[in-house]
Amino acid sequence: MIPPRPSGTDITIRMERPEDREAVFAVTREAFGSDFEAKLVDGLRKTSAFIPELSLVATVGGVVAGYILFIRLVILNGPAEYPALGLAPLAVAPPWQSRGIGTALVLAGLAAGERCGHHLVFVTGRPQYYGRFGFLPARARGFEIAFPVPDDSFMVRELVPGAMRGIGGLVKHPIIFNS
Ligand SMILES: CC(C)(COP(=O)(O)OP(=O)(O)OC[C@H]1O[C@@H](n2cnc3c(N)ncnc32)[C@H](O)[C@@H]1OP(=O)(O)O)[C@@H](O)C(=O)NCCC(=O)NCCS
């Protein structure tokens with residue numbers, strides 16, 4: 001069960017701690033209405049794609065209300081490989097949605113990704129939501145993905161200006177995404 005709605009209004013974004021895991025699972029399950037994404041996060045934790053510095057929680061009054069994870073991806077182009085990040089998933093507990101928590105998590109995550117030296121982030125999701133953060137259709141920019149995703153849902157954003165230049169190819173997700 002997700003914790004009861006806390007009374008405070010101050011949103012804090014910080015790295016996830018081991019003791020947050022149960023709350024992260026609950027928030028992710030409640031946000032998506034099934035435990036698929038929550039189990040995916042737990043599966044990703046065991047892979048080299050998981051980046052602890054980019055596994056962030058939003059707390060309100062000290063209680064976990066939202067979660068975002070950026071994982072390591074690889075762009076394959078013939079013999080060339082380029083590193084990238086993938087945003088997956090973003091979840092805000094239903095009682096806390098539409099209060100800016102998702103926005104705060106995305107902005108903090110993008111800034112943390114840049115600080116950690118990453119250049120490019122991919123996401124598959126709703127363009128109406130991610131467009132506001134500067135994500136753009138990825139296929140039109142020479143990227144492909146191994147899943148059947150509509151053109152406007154497969155998006156990319158530079159963390160470093162010019163990072164997309166000269167790079168294109170197949171965005172490879174960890175094998176766990178195929179299960
Ligand atoms: C999508 C989600 C992360 C947004 O977080 P949030 O804290 O509710 O969002 P914010 O308060 O930062 O932003 C609110 C805005 O996002 C819009 N929004 C919320 N959920 C949306 C969705 N699923 N698709 C498109 N827009 C959405 C709201 O209409 C609102 O728009 P406005 O600013 O023009 O009024 C959250 O609603 C959620 O966890 N949803 C279920 C899980 C999910 O779908 N995650 C992946 C998204 S692709």
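Preceding this section is the structure that the text describes.
Residues numbered from 1 in each chain as written. Predicted model: local features only at pLDDT ≥ 70, side-chain atom pairs only at ≥ 80, totals over all residues. Heavy atoms only, no water.

**A short note on the packing of helix 1 (residues 21-32) against helix 2 (residues 36-45)**
Describing two packed helices takes the angle between their axes plus the distance from one axis to the other. As a reminder, the rule being used: In this analysis an axis means a line fitted to C-alpha atoms, helices contributing only their contacting stretch, and an angle means the value between N-to-C directions, from 0 to 180 degrees. Secondary structure elements follow DSSP: runs of H or I no shorter than four residues count as helices, runs of E no shorter than two count as strands, and numbering proceeds from the N terminus. Should an angle lie under 35 degrees it is considered roughly parallel, over 145 roughly antiparallel, and from 65 to 115 roughly perpendicular; all remaining angles are considered oblique. Between two residues, a contact is recorded if the distance between any of their heavy atoms is within 4.5 Å. Each residue gets one label: Ala, Val, Leu, Ile, Met, Phe, Trp, Tyr, Cys and Pro are nonpolar, Asp, Glu, Lys and Arg are charged, and the others, such as Gly, are polar.
One can describe the packing of helix 1 onto helix 2 by two numbers: an axis separation of 7 Å at closest approach and a directional angle of 140°. Classified by the angle their axes make, helix 1 and helix 2 are oblique. Contacts between helix 1 and helix 2 involve R21, V24, F25, T28, R29 and F32 on the former and, on the latter, E37, A38, K39, D42 and R45. For the contact of helix 1 with helix 2, a count of residues per class yields four nonpolar, one polar and six charged.

**Quick word on the side chain of E16**
The cut-off we apply is this: Any pair of nitrogen or oxygen atoms within 3.5 Å is treated as a polar contact; in protein, a donor-acceptor pairing is required on top of that, and neighbouring residues in sequence qualify only through side-chain atoms on both sides.
The topology assignment puts E16 in the loop between strand 1 (11-15) and helix 1. Looking at E16, its side chain comes within polar contact range of the side chain of R45, at 2.8 Å. Here the side chain of E16 touches S55 through a polar contact of 2.7 Å, side chain to side chain. Sequence-distant contacts of E16, defined by excluding residues within four places in its chain, comprise R21, V24, R45, F50, S55, L56, V57 and Y67.

**Looking at helix 3 (residues 101-115)**
Every α-helical turn comprises 3.6 residues, leaving residues that sit three or four positions apart pointing alike. Operational definition: The span expected for a helix works out to 1.5 Å for each residue beyond the first. Note on classification: 1.4 Å probe, protein chains only; a residue is buried when its accessible area is under 20% of the maximum for its type, exposed when over 50%, partly exposed between these limits. In this context, the arc is that of the directions from the helix axis out to the C-beta atoms.
Helix length check: helix 3, at 15 residues, gives a terminal C-alpha distance of 21 Å against a target of 21 Å (1.5 Å per residue), a fit within 8%. Residues of helix 3 that are buried: I101, G102, L105, V106, G109, L110, A112 and G113. For helix 3, the angular spread of the buried residues around the axis is 165°, confining them to a single face. Positioned one or two residues after helix 3, G117 has a phi angle of 95°, which is positive.

**Concerning the pattern of salt bridges**
Quick note on the threshold: We define a salt bridge as a contact between a side-chain nitrogen of Lys or Arg and a carboxyl oxygen of Asp or Glu at a distance within 4 Å.
In the structure shown here, the tally under the stated rule is seven salt bridges. Measuring nitrogen to oxygen at the nearest pair gives 2.7 Å for the salt bridge that ties R14 to D20. Note that R45 and D42 form a salt bridge whose closest N and O atoms lie 3.0 Å from each other. Here D42 and R45 lie together in helix 2, a separation of three residues that amounts to about one turn. Residue class for D42 comes out partly exposed when judged on its relative accessible area of 28%.

**Considerations on helix 2**
Among the ten residues in helix 2, seven count as buried, and that is most of the element. Along helix 2, the positions that sit buried rather than exposed are E37, A38, L40, V41, G43, L44 and R45. If you follow the buried residues of helix 2, they end up packed against helix 1, strand 2 (50-60), strand 3 (63-77) and strand 4 (80-92).

**Remarks on the nonpolar core**
In a soluble, globular protein the nonpolar side chains are often hidden away together inside. What counts is decided by this rule: Here, nonpolar core refers to any group of buried Ala, Val, Leu, Ile, Met, Phe, Trp, Tyr and Cys residues whose side-chain atoms link them within 4.5 Å.
Membership of the largest hydrophobic core comes to 31 residues, with the highest contact counts inside it found for I75, L120, F122, F143 and F154. For this core, the secondary-structure elements that each account for two or more residues are helix 1, helix 2, strand 2, strand 3, strand 4, strand 5 (120-124), strand 7 (143-145) and strand 8 (154-158). With six residues, strand 3 is the single largest residue contributor to this core. Among all residues touching L120, those that are not within four sequence positions of it are I75, A84, L85, F143, V156, R157, E158, L159, A163 and M164.

**Examining the environment of E53**
Mapped onto the secondary structure, E53 falls in strand 2. Take E53: its relative accessible area is 40%, and that puts it in the partly exposed class. Spatially, the C-alpha atom of E53 lies 11 Å from that of A111, the residues being 58 residues apart in sequence. Setting aside chain neighbours within four positions, we find E53 in contact with M15 and C116.

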